[in-house]
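Okay, here's what each chain looks like letter by letter:
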Amino acid sequence: MASVSYHISNLLEKMTSTDKDFRFMATNDLMAELQKDSIKLDEDSENKVVTMLLKLLEDKNGEVQNLAVKCLGPLVGKVKEYQVETIVDMLCTNMLSDKEQLRDSSSMGLKTVIAELPPASTGSALTANVCKKITAQLTGAISKQEDVSVQLEALDILSEMLSRLGSTLISFHSPILSCLLPQLTSPRLAVRKRAIIALSHLVPSCSAAIFTELMKHLLTELSRNESTSTTRTYIQCLAAISRQAGHRVGEHLEKIIPVLVKFCNVEDDELREYCFQAFESFVRRCPKEMSPHIPTVIGLCLKYITYDPNYNYDNDEEDDDNAMDTESGDEEDEETGDEYSDDDDMSWKVRRSSVKCLEAVMSTRHDMLQDFYKTVSPALIARFKEREENVKADIFLAYMSLLKQTRPMQGWLQSSDIMGKEDSSLTMLKSQVPNVVKALHKQLKEKSIKSRQGCLCLLTELANVLPGALADHIPALIPGIVYSLTDKSSSSNMKIDSLSFLTVILCNHPPETLHPHIKVILPPVVACIGDPFYKITSEALLVTQQLVKVIRPLEKPSSFDSKPYVKDLFSSTLKRLKAADIDQEVKERAISCMGQIICNLGDQLGGDLQPTLKIFLERLKNEITRLTTVKTLTLIAGSSLKIDLRPVLSEGVPILASFLRKNHRALKLMTLIALDIIIKNYSDCLKPAMIESVLSELPSLIGENDMHISQVAIMLLSCLTKVCPSSLSKISGSALPEVFNLVHSPLLQGGAMNAILDFFQALVVTKAANMGFNELLKHLTGPFYGSQKSGGSTIMHRQSYYSVAKCVAALSSTCPKEAINMVNHFIQDVKNTKSSDSVRILAFLCLAEVGRTMNLCGQKELKTVILEAFSSPNEEVKSAASYALGNICVGNLNEYLPFMLNEIGSQPKRQYLLLHSLKEVISSSSAEALKPYVEDIWTLLFKHCECSEEGTRNVVAECLGKLTLVNPAQLLPRLKKQLTSGSPYTRSTVVTAIKFTITDQLLPIDALLKGCIGDFLKTLQDPDLNVRRVALVMFNSAAHNKPSLIRDHLDSVLPHLYNETKIRKDLIREVEMGPFRHTVDDGLDVRKAAFECMYTLLDSCLDRLDIFEYLNHVEDGLKDHYDIRMLTFIMLARLSAMCPSAVMQRLDRLVEPLRTTCTTKVKAGSVKQEFEKQDELKRSAMRAVAALLTIAEAQKSSVMSDFTSQIRANSEMASIFESIQKDTISSTADTETMDTS
């Protein structure tokens, strides 16, 4: 401490030196000290430092002054509160000084101090006190209006404070408003602009009363319209307020819009510009409230997008009628434009603001896409001839925004009705492509680089949205591209954009449409490969790679002669491939490009091929380029030209094998794929030592830690087994035990499972020693029998039973002769009373999997054995026996299905298990095989619809649903007919059956379902509670798997869905349990199902929801039962990300239930579970709060600020909240750094 004080004293002494350099260096050193976290100042040092820095603000030297200002930032966190207040007082006083330099430095100092104060959310007393001190002084300085420069600085500082710490100044909001409003009529425009900025920062955190007062004032002044100048200011203010707090402006729009529409017709260009800027802000920030006004806004935009009173476009239109190739008119146009240019002409601002407003409408209203193509698109295309470069750039951006909205959506929407709408939008766009090209192709040769870049970006977007659409127009576009690549005045970005567009054209269009132009395209592209700027080289190599595929496509025969171009392509790429001192991106692209050349043109390279492959070998040894080289070798090895790789394999394969032990997942995966292709296509060139180097690395890659790598490694093993039988002994010793361990893993499924089945089938065919059918079977089933012999209980996971059974079935299908003895063995295991349950379960599952593909009609006692097992005391044995019966029946329908149907009818005690067997039969049999039995099964199932056991009814429903898929045209109408049944049990079974007909795959039933799903959805109004619940479950399934089925019905369904979210008192009853009374809510399950549907709709049908109506019910859910609250907290978090502006409009109402949840305390005598439930509720509520705080405006809301202060004031809540915020940050970071290879 003493040494710090001494050092500081020395610095302070030097600061008083007459030499400005001494003062500068000492101040600089002081700043370095203050920035250290470890520094602690005693009271005396604090006083001295504060006094000296304030004194230096008046220093004659500007650099010293600036450093003193910078020192104030770190000083704020190092000194006591009263010292900060002293600094602020002094700075405020100096800000009103007559000396301009002192005023400026003090203003900068205040801004620095404000920037360093703790945020309002921390509830710091220092922040509150300092803000109060500054605010009083600032409002005084603003109101005096004596010196404009003081006013401007004060407004700047006030804006800064309101922006960062608005919620701390709530008590001052009223005087701040009173002080700012008169400034909107200041004679100085700069004062007005800064007053607008300050007001826009005030509105997010002010109270509703103050916001209403501000809006009333603005609307009153606008209606008075005393002068055009002040009217402009008020409109600018409305736009600024909307940008900062759009969620609050919505309710006033009904009054605002007509006023702005009226002003659009006033002959004042700036006024019109500000009106359109306001419209743009409203469209983006208040989407729901703007909906009724969108047609009006579009009409105005389309009117003023052509507003150019000082220019005549007729000459251009005459030029447009000429042939597309003519270029003579371009220069004339430009000259005419110059002739008419006028420095006082402001009409371009009106055009630009109207275009930007149109862009806002198009980017936020996907539902109006077809209307945009009818009205807006032709108008924008007509305006591509715009003479003002900046306006033209915005027109291009607006059209690109329309194209982005037209891009086909991915995922669940692909099979939905949206595809239909998109198809019609794409068709309309397709019909307009000729007009787009006609308007743009000449501009590709204009002198203006900005115009050319705009054209290329628009055409690139168009080619991405409509692949192949430019095929007929390539002759018109190529000259422009070549011009941009060869023109000496073209900038680097211009060339990069031209090459990017060329890449898209080459990727998205058939090769034959491009073949006539290769001669013209190739020379400039080759020249770009040699460009000194690495980004141009990189982009040119990408184009070259695509060019190679076009010149000689390998997928289909082509008559195009590629030979004349091979030399240029090869030599230019080789030069870049050889260079070692180039950018990493260029190195990688050169490797990929040369790989493509060898893959497609390798047979034409002659003596150049082998030296090039040697270069690849060198790149394989380089850590930086090895991954790209592995990918390239994979491409070459898979080429249909059968490229001769022998010279590089002897050295290359061991290098590839060594990559399998590297800690680089993407490299391991690509290496495994490369080795697989090399072994398949070049097995005759591989020596035993090379294969051994690969095999020795594989065992460590097979395990449950990374299933995808395991899958690819096992596929490589299968390949080795098939093409290199000599490697089998090595496989059995090292890799096979790891494969068996994986089979017994509970995590095995999907692709890895299929790879193992293929491997075993390949292995058993070889009939190698120790790897025959019986040996493999013993290894697979051994652990289950081992636990029986040792007397221990089984430790195998349930999933491993199914995995082993599938492997056994795979072996049986390959070796059917050996399988007969194995089946007998399994039957004996089941019959043997000494067999453990785990052996019985395994035996049944193996019989099931084998029986599915083999006819087991020879096993006469099999039926008896299975039926006896139905009486087993062990539920898992019964379930396995049921599964076995169903699957064996699939392999022999003629014998087993009549037997099963007879048993279901005659054995009520075994009915549930037999129905499960029937479900397996219907699920796994082909439609053709089942058709003869459909009527019998259908009749039997409807006999069991009335069963009182819900579990049985659910199995019946699943059987009915899956059976309907066999013959939907005939069976779906019969299901629909049953909706009129008098029995609620039957109705609920039928509705549940429909749920099982809806999957995420495209099926023939989809079109039929779409026609009649409305009838099934009417059961949401059924008088029976259980029918309504299963109808909600069915609706949820449709919304999740096939939203297209229900989207058109949402208008009629949503009111009934929302109705089910309400608590109904008539369904709440009290049950007496001894001396206690317990409340039972019979409507809870239905409400939960309704909220689950709402949650699913967020994902699949957000664009069809009235989000404000939706939020009303979310708000109710936040006050409901524990389960529903947990779900609505998650919904609220998702809504914060998906519809932030709508959530902001309801923030005040949404925060209250969250506050109630967080502050509720459990009664002292409650059980442990109640405390745990409440704790989990608090955590979920705070996760929702953390999600709400990710909305920028939420942090400025006074209600939210109060709530977060309340959380931080309570130590228990504060610790939970901090841990949740840390989890959120870390999970975001994990997502960003996730290995997506």
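Residues numbered from 1 in each chain as written. Predicted model: local features only at pLDDT ≥ 70, side-chain atom pairs only at ≥ 80, totals over all residues. Heavy atoms only, no water.

Observations regarding the overall build of the protein
If you tally the helices and strands in the protein, you get 63 helices and two strands. Overall, the C-alpha framework of the protein stretches about 110 × 100 × 80 Å when taken along its three principal axes. Considering the protein as a whole, with its 1237 residues, one finds that 54% of them fall into the buried category. In the protein, the share of contacts with a sequence separation of at least 24, taken over all contacts with a separation of at least 6, comes to 73%. (Helix = DSSP H or I, 4+ residues; strand = E, 2+ residues; numbered from the N terminus. Buried < 20%, exposed > 50% of the residue type's maximum accessible area, 1.4 Å probe, protein only. Contact = heavy atoms within 4.5 Å.)

Concerning unusual backbone geometry
Positive phi, normally seen in glycine, also occurs at Lys-642, with a value near 55°. Position of Lys-642 among the secondary structure elements: in the loop between α32 (626-637) and α33 (646-659). The exposed category is assigned to Lys-642, whose relative accessible area is 58%.

Quick word on the pattern of salt bridges
Tallied over the full model, the rule gives 59 salt bridges. Of the charged contacts in the structure, one is a salt bridge between Lys-831 and Glu-861, with a shortest N-O distance of 2.6 Å. In this pair, Lys-831 sits in helix α41 (residues 816-831) while Glu-861 sits in the loop between α42 (837-853) and α43 (862-869), placing the two residues 30 residues apart along the sequence. Under the relative-accessibility criterion, Lys-831 is labelled partly exposed at 40%. Put simply, Asp-1022 and Arg-987 hold a salt bridge, and the shortest N to O gap is 2.7 Å. Note that Asp-1022 is positioned in the loop between α52 (1005-1017) and α53 (1025-1041) and Arg-987 in helix α51 (residues 984-995), a separation of 35 residues in sequence. (Salt bridge = Lys/Arg side-chain N within 4 Å of Asp/Glu carboxyl O.)

Description of the side chain of Arg-1087
Looking at where Arg-1087 falls in the secondary structure, it is placed in helix α56 (residues 1084-1100). Ignoring anything within four residues of it in the chain, the contact list for Arg-1087 reads Glu-1060, Thr-1061, Lys-1062, Ile-1063, Asp-1081, Asp-1120, His-1121 and Ile-1124.

Here's the deal with the packing of aromatic side chains
Considering all chains together, one arrives at 12 aromatic pairs under this definition. Ring centres of Tyr-802 and Tyr-883 lie 5.7 Å apart, and the angle between their planes is 80°; this geometry places the pair in the edge-to-face category. Within this pair, whereas Tyr-802 is found in helix α40 (residues 798-814), its partner Tyr-883 is found in helix α44 (residues 875-891), the two being separated by 81 residues in sequence. By relative accessible area, which is 21% here, Tyr-802 ends up partly exposed. Members of the aromatic cluster, joined through ring pairs, are Phe-276, Phe-279, Tyr-304 and Tyr-307. If you follow Lys-262 out to its NZ or CZ, it ends over the ring of Phe-263, 5.2 Å from the centre. (Phe/Tyr/Trp six-rings, centres within 6.5 Å; stacked < 30°, edge-to-face > 60°. Lys NZ or Arg CZ within 6 Å of the ring centre and 35° of its normal.)

Some points on the confidence of the model for the protein
Averaged over all residues, the pLDDT of the protein equals 85, while 93% of them reach at least 70. Below a pLDDT of 50 lies the segment residues 320-340, which in the model reaches 23 contacts outside its immediate sequence neighbourhood of four places, other chains included. In the predicted structure, residues 410-420 sits below a pLDDT of 50 and forms 20 contacts with residues beyond four places in sequence or in another chain. (pLDDT = per-residue confidence, 0-100.)

Some details on the environment of Leu-102
Within the secondary structure, Leu-102 is located in helix α6 (residues 100-116). Residue classification places Leu-102 among the buried positions, given a relative accessible area of 7%. Taking the C-alpha atoms as reference points, Leu-102 and Asp-581, separated by 479 residues in sequence, lie 54 Å from one another. Dropping the residues within four chain positions of it, Leu-102 is found in contact with Leu-57, Glu-58, Asn-94 and Ser-97.

Focus: helix α31 (residues 609-620)
The terminal C-alpha atoms of α31, which comprises 12 residues, lie 17 Å apart, in line with the 16 Å expected from a rise of 1.5 Å per residue. Taken residue by residue, α31 has Leu-609, Thr-612, Leu-613, Ile-615, Phe-616, Leu-617, Arg-619 and Leu-620 as its buried positions. (Expected span 1.5 Å × (residues − 1).)

Side note on the pairing of strand β1 (residues 1068-1073)
The pairing of β1 with strand β2 (residues 1076-1081) spans six bridges and is antiparallel. Within the sheet, the bridge partner assigned to Glu-1072 lies in β2 and is Arg-1077. Here β1 folds back onto β2, and the loop between the two strands holds two residues, one of which, Gly-1074, carries a positive phi near 65°. (Pairing = 2+ DSSP bridges.)

Some details on the packing of helix α2 (residues 20-34) against helix α4 (residues 62-76)
Packing of α2 against α4 leaves a shortest axis separation of 9 Å and a crossing angle of 15°. Relative to α4, the element α2 is oriented roughly parallel. At the point where α2 passes α4, the crossing takes the left-handed sense. Each of Lys-20, Arg-23, Phe-24, Thr-27, Asn-28, Met-31 and Leu-34 in α2 lies in contact with α4, whose residues at this interface are Glu-63, Val-64, Leu-67, Ala-68, Lys-70, Cys-71, Pro-74 and Leu-75. Partitioned by chemical class, the residues of the contact of α2 with α4 number nine nonpolar, two polar and four charged. (Axes fitted to C-alpha atoms, helices over the stretch in contact; angles between N-to-C directions. Parallel < 35°, antiparallel > 145°, perpendicular 65-115°, else oblique. Left-handed = near helix turned anticlockwise from the far one by under 90°. Nonpolar A, V, L, I, M, F, W, Y, C, P; charged D, E, K, R; others polar.)

A look at the state of the cysteines
Inspection of every chain in the model, using the stated rule, returns zero disulfides. Cysteine Cys-131 remains unbridged, with the sulfur of Cys-92 as its closest cysteine sulfur at 11 Å. (Disulfide = S-S within 2.5 Å.)

Observations regarding the packing of α43 against α44
Contact geometry for α43 and α44: axes closest at 8 Å, N-to-C directions at 150°. Relative to α44, the element α43 is oriented roughly antiparallel. Both α43 and α44 take part in a crossing whose hand is left-handed. Contacts between α43 and α44 pair Leu-862, Ile-866 and Ala-869 from the former with Val-877, Lys-878, Ala-881, Leu-885 and Ile-888 from the latter. Across the contact of α43 with α44, the residue classes break down as seven nonpolar, no polar and one charged.

Some remarks on the nonpolar core
Grouped together as the largest cluster of nonpolar side chains are 425 residues, with contacts concentrated most on Leu-698, Phe-760, Leu-918 and Ile-1046. If you tally residues by element for this core, the top one is α42, at 10 residues. (Core = buried A, V, L, I, M, F, W, Y, C linked by side-chain atoms within 4.5 Å.)

Examining helix α7 (residues 125-144)
Counted at 1.5 Å a residue, the expected span for α7 with its 20 residues is 28 Å, and the 29 Å between its end C-alpha atoms agrees. All buried positions along α7 are accounted for by Leu-126, Thr-127, Ala-128, Val-130, Cys-131, Ile-134, Thr-135, Leu-138, Thr-139, Ala-141 and Ile-142. Along the long axis of α7, the arc covered by the buried residues comes to 160°, so they all point the same way. At its buried positions, α7 is contacted by α5 (81-95), α6, α8 (148-165) and α9 (173-180). (Arc of directions from axis to C-beta.)

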